[in-house]
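# What the coordinates show
Here are the chains, one letter per residue:
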Amino acid sequence: MRETTRTFIAIPIPEPIGQKLGRLQAELSPEVPGCRWTANSPFHITLAFLGDVRNRDLNELCLAVATAAEPFERFELRLEGIGTFPSLRRPRVVWAGATAPNLNPLNDLREAVVRAATQVGYRADDPRFHPHITLGRIKSDRGSGCDLTETIRRHQGWSAGSFPVVEVVTFASTLEPRGPSYAALGRARLKGKKTESLH
């Protein structure tokens, strides 16, 4: 039995919005050869990818994330626009963007859960944060000859609308031949009890 669990912390996307993301994938599929489209439920906005976490630390991690997230009030995010990492001419990841008139609540929430994970002994793998939902991944050998500039331009007006952020979930990720599968380890509801800025 493995002694560690591949773990990340994320905001799950509600199913009605997820269905719109699925339809977007279907529209893009003929234009993006060699892309493995995300077929896992739920779609999510990753706040922190922690990698392998010792199983004996999982309860402490979930409690720390819940303690960090609960004081925050619920807020709205909007999914709109698509793009690629690292570039349109050499894409490796196709994504849908997440935005809001004020992104401070999202950034503050992300900082809080990253700090909580660090206190348990686990650092996020990337200090940068660009809120997005991964739609698919392109194999490196195929991405080198795949310029998506025109495809992205045609879909730049895409939007799935807004949704309320009501919880943060600590997920286990299991790598399988068809792609990763996710299981919730802990759920942290946003209860709106924050009394002071975390900055």
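Below you will find a few notes about this structure.

Tracing the chain through its elements places Thr 134 in strand S6 (residues 132–138). Overall, the relative accessible area of 19% leaves Thr 134 in the buried class.

What follows deals with the layout of surface pockets. What the largest pocket holds in volume is close to 1,100 Å³. If you trace the largest pocket, you find 34 residues lining it, with Thr 46, Phe 49, His 132, Thr 134 and Arg 137 closest to the centre. Elements represented by at least two residues in the lining of the largest pocket include exactly strand S1 (4–12), strand S2 (35–37), strand S3 (44–54) and S6. Per-element tally for the lining of the largest pocket: the top contributor is S3, with 5 residues.

With that out of the way, let us pick up the environment of Gly 186. Residue placement: Gly 186 occurs in strand S9 (residues 181–189). Measuring from C-alpha to C-alpha, the distance between Gly 186 and Leu 63 comes to 8.0 Å, with 123 residues separating the pair along the chain.

The next subject is helix H2 (residues 58–69). Taking 1.5 Å as the rise per residue, H2 with 12 residues should run 16 Å; its terminal C-alpha atoms sit 16 Å apart, in good agreement. Taken together, the buried positions of H2 are occupied by Leu 58, Leu 61, Cys 62, Ala 64, Val 65, Ala 66, Ala 68 and Ala 69. Looking at the packing, one finds that the buried side of H2 touches S1, S3, helix H3 (104–120), strand S8 (167–174) and S9.

The next subject is unusual backbone geometry. Looking along the chain, the bond that leaves Phe 85 and enters Pro 86 is cis, with omega of -10°. The residue Pro 86 is located in the loop between strand S4 (75–85) and strand S5 (93–99) in this model.

Right, let's get into the pattern of salt bridges. This model, assessed by the stated rule, comprises 11 salt bridges. With its nearest N and O atoms 3.1 Å apart, the salt bridge here joins Arg 128 to Asp 126. We classify Arg 128 as exposed; its relative accessible area is 66%. According to the relative accessible area criterion, Asp 126 is partly exposed, its value standing at 25%. Each of Glu 31, Glu 150, Arg 153 and Arg 154 takes part in one network of salt bridges that share partners.

Parameters and conventions
- Residues numbered from 1 in each chain as written.
- Predicted model: local features only at pLDDT ≥ 70, side-chain atom pairs only at ≥ 80, totals over all residues.
- Heavy atoms only, no water.
- Helix = DSSP H or I, 4+ residues; strand = E, 2+ residues; numbered from the N terminus.
- Buried < 20%, exposed > 50% of the residue type's maximum accessible area, 1.4 Å probe, protein only.
- 1 Å grid on protein atoms, 1.4 Å probe; cavity = no way out; pocket = protein on both sides within 12 Å on 5 of 7 lines; lining within 4 Å.
- Points joined across faces, edges and corners; volume = space filled by probe spheres on them.
- Expected span 1.5 Å × (residues − 1).
- Contact = heavy atoms within 4.5 Å.
- Salt bridge = Lys/Arg side-chain N within 4 Å of Asp/Glu carboxyl O.

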